[in-house]
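Now for the letters of each chain:
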Amino acid sequence: MNTDWLLQHSPALIIALPLLAAFLMPVVDRISRKARNVFAIIVLIVEEILVLFLAYDVFGGNPHIYTMGAANPLTTVPAQAAVPIRIVLEVDAMGIFMAMISATVCLAAGIYSLAFIGEEKGKGKYYTLLLLILVGMLGMELTGDMFNLFVFLEVLTIACTALIAYRSNTGDAVEGAFKFLIISSIAALFVLFAIALLYAQYDLLNMAALASAIQYSNLDKIALVLLVAAFAMKCGSVPMHFWTPDAYSVAPASITAILVAASQASLYALFRVCFSLYGVTLNLSTIGGALIIFGLLSMFVGVTMALPQKDIKRLMAYHAISQTGYMLLGVGVGLYLLTKPEFSTYGIKAMEGGIFHIINHAMYKGLLFLTSGAIFYRLKTRNLNEMGGLGHSMKWTAIFFIIGALAIAGIPPFNGFASKLLIYEAAYKVSPILSIIAMLVSILTLASFVKVFHSAFMGPKIHDVEEVPRSMLAGMAVLTFVIILFGLFPGWVVGNIVHPAAQALAEQAAYIQAVIGG
Amino acid sequence: MIYSIPFYTVIILILVGMYAMIFRRNLIKMAIGLTIVESAVNLFLVTLGYREGGVAPIYTNLPSGIKIPEEMVLPVPQALTLTSIVIGVAILALMLSLSIMIYRHYGTLDSKKVRRLKE
């Protein structure tokens, strides 16, 4: 096949492929179980290859533009009009960076689900919804249109809710899903209202065109507050974090790993709105300061709530809140310094730390949730007090858990250390107290995971269990591979992947010019 | 002044809906609150698209003597509203089906009693 053609159309294909596959899934499901499993895995692998293929080109310095429905996908502005009217997909380094996270986590979770999800409860529908979550995430990350962002946010919400309630024979799964649905739909309505406020003033929906016209009037400020509140709510930042532990703990473990990536898609939307949509028109020290405060609160409240938990997934969910705080802190420091001269020295470093932490967190937190699912698969409990001695029989699970736990605590050979160090260094220059809190949180995280490791894997052999099936180990191995790779070569990753992403987020002019000036 | 009435209605409806979602304990009433907020946002979108004396932009069915495109209405807000209504129906259906399942498991729709997850 002609690679140029594929490269040009890949932004649309990346979204269309899982969408079509999702609705083909019920048909394939009727053929046989094996056909369905093979089909699901092939789609996820092809998706991953497409994303990496496009990523290779985007990181080479070419942001991609794709105009839906135009004869030539590069003509964003139609001949009869002065502004972009059609839906435009804008794939820059930051967007494709997030797409890589989503595709990888979904691939690992898809392989893991082969054995993890029992056959009795509509596994065909499970894979349909899993692919729809992938569509929602990728759509949010690749789109350059405000209303399209809202639509994909809702696709994501509906698919996530259905899968959180997947074990609907237990009441708590439905309860967690209901909470998630309420929070998500309020957030989505806030987003829609904000879009309407922006549309009312500028008659524009395209993000780049809006960014070039935005005035930071009073209505814009209201829209900004609504957007920041909605996306912060969706990404589970304190003080809007209450749904996170409930939804994360009741969903099947493979879905929880994907939910982490889905929350990060909202985090990405938050950063996109702050940097690319409003950018330098913002009152940077106020909004940057707000993000830093959200980050500090999330870090500290998350970890202190995690320490006393007895439910293993609830504990990990509170850690997910706490780790989101690091990303908000890192990128918040970057936003705070955006127009100041210090930005080129340590402001960009802070953003690199925050953005690098996004991919690291998706990998190790995904891995940790998958290991908790492995324990649940054998013991049928999430209660830490009923576990013990699993290290004797579930050796691979124990090894994967150690790697994930060391990575989240920021111990040197693993990837968590690299991104946390970048955040510590840059935040220290803004105010030493930020770094001190971040390090304290890191130590508490380690303490908490030592407790989990001790109560789940150490001690005498109580439970007579076997290792989990091979496909579950394979799913965990995919994420472990990425963690070790990033841990061994952090310099290469930061230089070639994270730095372009941070640069793409920081440079609003380039984002606007790619659509309008081109 | 008369043209501002829809906007005041939007604000009132949003407040009513948020009140229902935050202070009502019945899950069905929370779903109703959400629907009210959604209607308010839809009303806001439709109001934005209103133009006095404008006609629908269907080129094959235009009254004679219309200036193109000055007297036509931009169809984008209507398109947005339709999409938003469809999504709203999906969300509402999902929410009500979850309420049914919650009622089966807990025997109540009172949100204060549906809290098995609280440690």
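This text follows the structure it describes.
On a predicted model such as this, the values are computed, not experimentally measured, just so you know.

Parameters at a glance
Residues numbered from 1 in each chain as written. Chains lettered and ligands numbered in written order. Predicted model: local features only at pLDDT ≥ 70, side-chain atom pairs only at ≥ 80, totals over all residues. Heavy atoms only, no water. 1 Å grid on protein atoms, 1.4 Å probe; cavity = no way out; pocket = protein on both sides within 12 Å on 5 of 7 lines; lining within 4 Å. Points joined across faces, edges and corners; volume = space filled by probe spheres on them. Helix = DSSP H or I, 4+ residues; strand = E, 2+ residues; numbered from the N terminus. Salt bridge = Lys/Arg side-chain N within 4 Å of Asp/Glu carboxyl O. Buried < 20%, exposed > 50% of the residue type's maximum accessible area, 1.4 Å probe, protein only.

**Things to note about empty space enclosed by the protein**
Under the criterion given, the structure shown has four cavities of 30 Å³ or more. What the largest cavity holds in volume is close to 90 Å³. Considering the residues around the largest cavity, the lining is formed by Phe150, Glu154, Ser185 and Leu189 of chain A together with Leu34, Thr35, Glu38, Ser84, Ile87, Gly88, Ile91 and Leu92 of chain B. Secondary-structure elements contributing two or more residues to the lining of the largest cavity are α5 (146–164) and α6 (171–202) of chain A together with α2 (27–48) and α3 (76–106) of chain B. The leading source of residues in the lining of the largest cavity is α3 of chain B, at five residues. Space inside the second largest cavity adds up to approximately 70 Å³. As for the second largest cavity, its lining consists of Cys235, Gly236, Thr244, Tyr248, Val260, Ser263, Gln264, Leu267, Ala320, Ile321, Thr324 and His361 of chain A. Of all the secondary-structure elements, those providing two or more residues to the lining of the second largest cavity are α9 (243–250), α10 (253–278) and α12 (312–336) of chain A. Of all the elements, α10 of chain A adds the most residues to the lining of the second largest cavity, at four residues.

**Points about the pattern of salt bridges**
All names here are of chain A. For the coordinates displayed, the defined rule picks out eight salt bridges over all chains. Salt-bridge contacts for Asp29 lead to Arg36; the nearest nitrogen and oxygen are separated by 3.0 Å. According to the relative accessible area criterion, Asp29 is partly exposed, its value standing at 30%. When the shortest N-O distance is used, the salt bridge between Lys349 and Glu352 registers 3.7 Å. One end of the pair is Lys349 and the other is Glu352, both in helix α13 (residues 347–379) and three residues apart, which spans about a single turn. In this structure Lys349 comes out as partly exposed when scored by relative accessible area, which is 36%. Judged by relative accessible area, which is 2%, Glu352 ranks as buried. Sharing partners across several salt bridges, the network here consists of Glu175, Lys179, Asp246 and Arg314.

In short, geometric facts, not functional conclusions.
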